[in-house]
Amino acid sequence: MSIQTVEVKAKVPSPSTNFWQTYRQSKLGIAGLVLLLVITVIAIFAPVLSPYDPKSSAGVGAGQVYNPPSAAHWLGTDDAGRDVFSNFMYGARVSLLVGFFASFISVGIGGTIGIVAGYYGGRVENILMRFTDTMLVIPDLPLIVVIVALTKPSLLNIIFVIGIFGWTTTARMVRSQTLAVKSRKFVLRARAIGAGRRHIIRHHILPLVMPILVVQAVLVVSVAVLNESTLSFLGLGDPTALSWGQMLNYAFARGAMSTGAWWALVAPGIGIIWVVLGLTLVGQGLEHVLNPRLDTHHLMPGRPVVVNHEASGESENPTEKNPLLEVRNLSINYINEGKPPARAVENISFTLKEGELIGLVGESGCGKTTLMLALLRLLPSAGQIVNGQVIFSGKDLTALNEQEINAVRWKDISIVFQGAMNALNPVRTVGDQIAEAIIKHMPGFPRDQRLQERVIELLDLVGIAADHKEHYPHQYSGGMRQRAMIAMALACNPQIIIADEPTTALDVMIQAQILELLDSLRKKLGLAIIFVTHDLGVVAEICDKVLVMYGGVTAEYADVDIIYNESRHPYTQELLKAFPDLTKPKKKLSSIPGYPPRLDALPIGCRFAPRCRLAFARCHTEQPLLQKLNDSQSAVHIASCHLLEVSK
Ligand code: SF4
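Only a predicted model underlies this, so the values are computations on that prediction, with no experimental measurement involved.

Quick notes on the rules
Residues numbered from 1 in each chain as written. Predicted model: local features only at pLDDT ≥ 70, side-chain atom pairs only at ≥ 80, totals over all residues. Heavy atoms only, no water. Phe/Tyr/Trp six-rings, centres within 6.5 Å; stacked < 30°, edge-to-face > 60°. Buried < 20%, exposed > 50% of the residue type's maximum accessible area, 1.4 Å probe, protein only. Helix = DSSP H or I, 4+ residues; strand = E, 2+ residues; numbered from the N terminus. Lys NZ or Arg CZ within 6 Å of the ring centre and 35° of its normal. Core = buried A, V, L, I, M, F, W, Y, C linked by side-chain atoms within 4.5 Å. Domains from an automatic or database assignment. Contact = heavy atoms within 4.5 Å.

K.L.:
Explain the packing of aromatic side chains to me, please; I cannot follow it from the model alone.
P.N.:
The geometry of two aromatic rings is summed up by the distance between their centres and the angle between their planes. Taken as a whole, this structure holds 10 aromatic pairs when the rule is applied. Between Tyr119 and Tyr120, the ring centres sit 5.6 Å apart and the planes meet at 85 degrees, which makes this aromatic pair edge-to-face. Its relative accessible area of 11% is what places Tyr119 among the buried residues. Tyr120 sits in the partly exposed class, given a relative accessible area of 36%. Plain terms: the ring middles of Phe131 and Trp167 are 5.7 Å apart, the flat faces sit at 25 degrees to each other, and that makes the pair stacked. In this pair, Phe131 sits in helix 5 (residues 122–137) while Trp167 sits in the loop between helix 7 (155–164) and helix 8 (168–182), placing the two residues 36 residues apart along the sequence. Residue class for Phe131 comes out partly exposed when judged on its relative accessible area of 42%. Members of the aromatic cluster, joined through ring pairs, are Phe88, Trp244 and Trp274. Positioned above the aromatic ring of Tyr250 is the side chain of Arg254, whose terminal nitrogen or guanidinium carbon lies 4.3 Å from the ring centre.

K.L.:
It is not clear to me how the nonpolar core should be interpreted in this structure. Could you clarify?
P.N.:
Counting residues in hydrophobic clusters, the biggest one holds 116 residues, and the most contacted among them are Leu325, Phe350, Leu375 and Ile530. Among the elements that line this core, the one with the most residues is helix 19 (residues 478–490), at eight residues. Taken together, domain 1 (26–54 + 77–291) and domain 2 (323–647) each give at least three residues to this core, which thus spans both. Residues within four places of Ile530 in sequence aside, it is in contact with Leu325, Phe350, Leu352, Ile358, Met372, Leu375, Ile496, Ile497, Ile498 and Ala499. Formed by 36 residues, the second largest nonpolar core is a distinct cluster that contains Tyr250, Ala256, Ala267 and Val282.

Laid out in structure tokens, this is it:
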């Protein structure tokens, strides 16, 4: 098989080059950086740069006290005759030191609480966020003042106290970001490949939460500098460390105001404003670069509770000998707080043989994606399998515990998620994400050159050149991202691949390439594929069997030829009328009037009745059962329509 991409190879800038190129677009960010760099250099090299030693007023006579600015003392002298400019330089060291260390503690606490609350959710989140809310309403500065006043006013105490009271905003922001990242498909994918919570937090959540942590760290430094200055100004600073706050305190307490020595107050004031302004501007620049626009997805992995494994209903179930996968009467509800559950999928059955490709067709909202996620037990937390079985290799997947289902995910059954851009982690290279799947499911796989070779082999299999391995998802085209998702799904040699609308949002040419790729992989690797789509044209091209779903139930199920040439269900027939056929250029296309039913407000009778041209009285009161039709050579042909009972 030879599948060639037509992507143009471009020189890819390194992440640091990218970072700088974006950062420098922010003029405010550049101004802030310059301000901070200057004050940091002054603080670091204060012993070298300062003209006088601030600890010593040796040689200063009585006439030197509160001397105005002059050539000898650019910013004048203080109450002890010490050079204010030198004090300013040394003061920068103390103020910045307190700011940076307090910020480190604060962001560490806030970041940890935010990530744990956001990722674990439930009771853990409730407890942590109620605690955060409580801390948030307590005014932190008065509390810091009281605590520092009650303890020894050392620099270490001040850093620690400021640090442990400045984390609440960080915790709330990080929690929100974690919730958003957690619901993205690449986290769902990581979970599907068996990654544990710690791995997901470290490799998928943290990199995307990091921008917020960095911006918060910068902003918290300025709050900490202000708090330290306030404490020192109130006389609660470390008397052995000369900070800008201490300079203000000494000037106020020792008559600078009454003697008109404004310079003793202005110099530390400018220092504080300088740092706060510089940090705020740098924060803006960083936000411009680091805060990626994160698309969210409504799916959040949860654990379905299997209520009943007994098959139910009178339906005619498709049965075939020795299927690879057998779905029996599967029903899935979404729990609705205080309302009746939404019956997203009801009594669905189908089988899949080795090397077979089944198409799952229906309009949006008919339960296709829910059904697919349920097969791998990746339903949102509100989703519950309430009935039925999913039999694979003699095991009922709905009855497995989390560890057992993890062993099946990706190794036996893998999934190509809808929307490749969302399903790939934007801050990790594609090669790295493919390798992750291999490492998670093949712990013994050597992590050296062999792993890289395997990644290249997989990329080659889907027609992506090896030198794209180190590229990030945004450097791929839409088609390449979809190919990368397929490579990822193949990483552990699964027997079944679930392809959830893999061609949606791609142009016609790329769609055709992806379909050709899936079909050739199926033939080459003997894969069985469940292909979810709303496009009957796609189904006609590559599928063996088709399951048409409407309102969460089976409308019709048969071989692809039967569906196209002898469909019996009015919904399938309407779908076919809306599908352009190149062999019949004069065919008139029509659309189905109305919309699919809301799953939490389903009609009493046939779910298609409000839109069905053939509906009669019974259709509005009684739900049709699945009928096995004996009108063709197909191994199975079933449909649910009252009209078929009469004509059977
Ligand atoms: Fe239409 Fe009635 Fe058949 Fe439903 S049962 S598809 S409403 S004819």
